[in-house]
Amino acid sequence: MANTIDKEKAIRGIVSSAVMSYASGFSARHLAEVDNEDGVINMKIHNVFIAALGSEIQYYSALARSLDSSLGNMLERMAISIARLSYTVSQHVEGTLYNEQTDYIAEILEQYKRKENRRTPEISDYKGISNKRGAAHTKRHESDYYLIDEESGMNYLIELKIGGDLDNKKARSEKEALLEQYCILTNQLGEENVKILFATAYNRYGEGKPWTQGRVRQFFCEEELCISRDFWNLVCKSEDGYDIVIDEYKKNAHYINEALDEIKYAYLPHE
């Protein structure tokens, strides 16, 4: 029980620290750019078509993209910090990859992509892939999240997209990279000890609702999805992980609101 309490306290500490640091940095960056024509907001604030809608719309439309992307980066770093409480965390995979495995991966990915008689992804598509042998080479992959659970021996290869957007042009190559990492690890550890996951920090369809984005479902099966609550519970290694993270984030969100107010005051006309 004490360990559970200590862990929750540590998670909350990471979340609150991440939010406060983000708010401070976000504010400082944009306030420093007030007189900079090449600043993030100033580069977009002179769009006459947006300006015609009013100064507040003009300001928020210029700021929104910066907020969205930088907030996503903060959440990624925060998740890694939380994961380190329970896992060994690496961001690369390196080892032996057999040519026969590479060929097989290319074959099934083409079947996922084709317009007619398209193959629907299933876990069984790559079960047994570590039995393939023959000519081999050494390969290294950078990984979003490679989590090693030292207690269970399970290894998680996670492709994290904060909001779930899987780029049309990159979808195939990103699944290919995950499958190659899967092969490298399973060649060493066995297939029962490695999982591939496509993760998001929140559910764009609403918490608890099915994830139906076509591009993701074209390359990832149901068992590979780790959406919102499932992702935070996994990262925290707790069934209450999502609730703890969201609760603490909400408690500290006022720091971001205060930063936005400071920026707004600096950029918008005021009496």
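Note: the structure precedes this text.
Residues numbered from 1 in each chain as written. Predicted model: local features only at pLDDT ≥ 70, side-chain atom pairs only at ≥ 80, totals over all residues. Heavy atoms only, no water.

(A) Focus on the overall build of the chain. For the chain, the count of helices and strands is 9 helices and 5 strands. Going from N to C terminus, the chain has its helices and strands arranged as α-α-α-α-β-α-β-β-α-β-α-β-α-α. In terms of its C-alpha atoms, the chain occupies a principal-axis envelope of roughly 75 × 55 × 35 Å. A burial count over the chain gives 47% of its 271 residues as buried. Counting only carbon and sulfur atoms, one obtains 48% of the accessible surface of the chain, whose full area is about 14,500 Å². Distance between charge centroids for the chain: 4 Å, based on 33 positive and 44 negative side chains. (Helix = DSSP H or I, 4+ residues; strand = E, 2+ residues; numbered from the N terminus. Buried < 20%, exposed > 50% of the residue type's maximum accessible area, 1.4 Å probe, protein only. Areas by Shrake-Rupley, 256 points an atom, 1.4 Å probe, with all protein chains shown as cover. Lys, Arg positive; Asp, Glu negative; His and termini not counted. Charge placed at Lys NZ, Arg CZ, Asp CG, Glu CD.)

(B) Fine view of helix 9 (residues 241-267). Taking 1.5 Å per residue, 27 residues should reach 39 Å; helix 9 reaches 38 Å between its end C-alpha atoms and fits that length. When we look at burial in helix 9, the residues that qualify are Gly241, Tyr242, Ile244, Val245, Glu248, Asn252, Ala253, Ile256, Ala259, Leu260, Ile263 and Tyr267. (Expected span 1.5 Å × (residues − 1).)

(C) Structural context of the layout of surface pockets. There is about 630 Å³ of room inside the largest pocket. Contributing to the lining of the largest pocket are 24 residues, with Gly72, Leu75, Ile162, Gly163 and Tyr202 lying nearest its centre. When residues of the lining of the largest pocket are traced back to their parent elements, those giving at least two are helix 4 (55-83) and helix 9. At 9 residues, helix 4 tops the list of elements feeding residues into the lining of the largest pocket. If you add up the space inside the second largest pocket, you get close to 150 Å³. Looking at the lining of the second largest pocket element by element, the count peaks at 4 residues for strand 4 (residues 194-200). (1 Å grid on protein atoms, 1.4 Å probe; cavity = no way out; pocket = protein on both sides within 12 Å on 5 of 7 lines; lining within 4 Å. Points joined across faces, edges and corners; volume = space filled by probe spheres on them.)

(D) Main features of the nonpolar core. One finds Met78, Ile82, Ile158, Phe231 and Trp232 to be the most contacted residues of the largest nonpolar core, which totals 47 residues. Among the elements of the structure, helix 1 (2-32), helix 4, strand 2 (136-148), strand 3 (155-160), strand 4, helix 8 (229-236) and helix 9 are those that each provide at least two residues to this core. In terms of residue count, helix 4 provides more of this core than any other element does, 10 residues in total. Dropping the residues within four chain positions of it, Ile82 is found in contact with Ile11, Ile14, Val15, Trp232, Val235, Cys236 and Val245. Within the second largest apolar cluster, 29 residues are counted, among which are Ile108, Ile148, Ala171 and Ile196. (Core = buried A, V, L, I, M, F, W, Y, C linked by side-chain atoms within 4.5 Å. Contact = heavy atoms within 4.5 Å.)

(E) Molecular detail of the sheet that holds strand 4. Strand order in the open sheet formed by 5 strands is 1-2-3-4-5, with mixed pairing between adjacent strands. The open sheet is flanked by strand 1 (88-98) and strand 5 (225-227), the only strands paired with a single partner. Geometrically, the sheet is characterised by an average inter-axis angle of 40° between neighbouring strands, direction not taken into account. Direction of pairing for strand 3 relative to strand 4: parallel, over a ladder of 6 bridges. Bridge pairing in strand 4 places Glu159 opposite Phe198. Packed on one face of the sheet, helix 6 (residues 171-189) meets strand 1, strand 2, strand 3 and strand 4 and runs near 80° to strand 1. (Pairing = 2+ DSSP bridges. Axes fitted to C-alpha atoms, helices over the stretch in contact; angles between N-to-C directions.)

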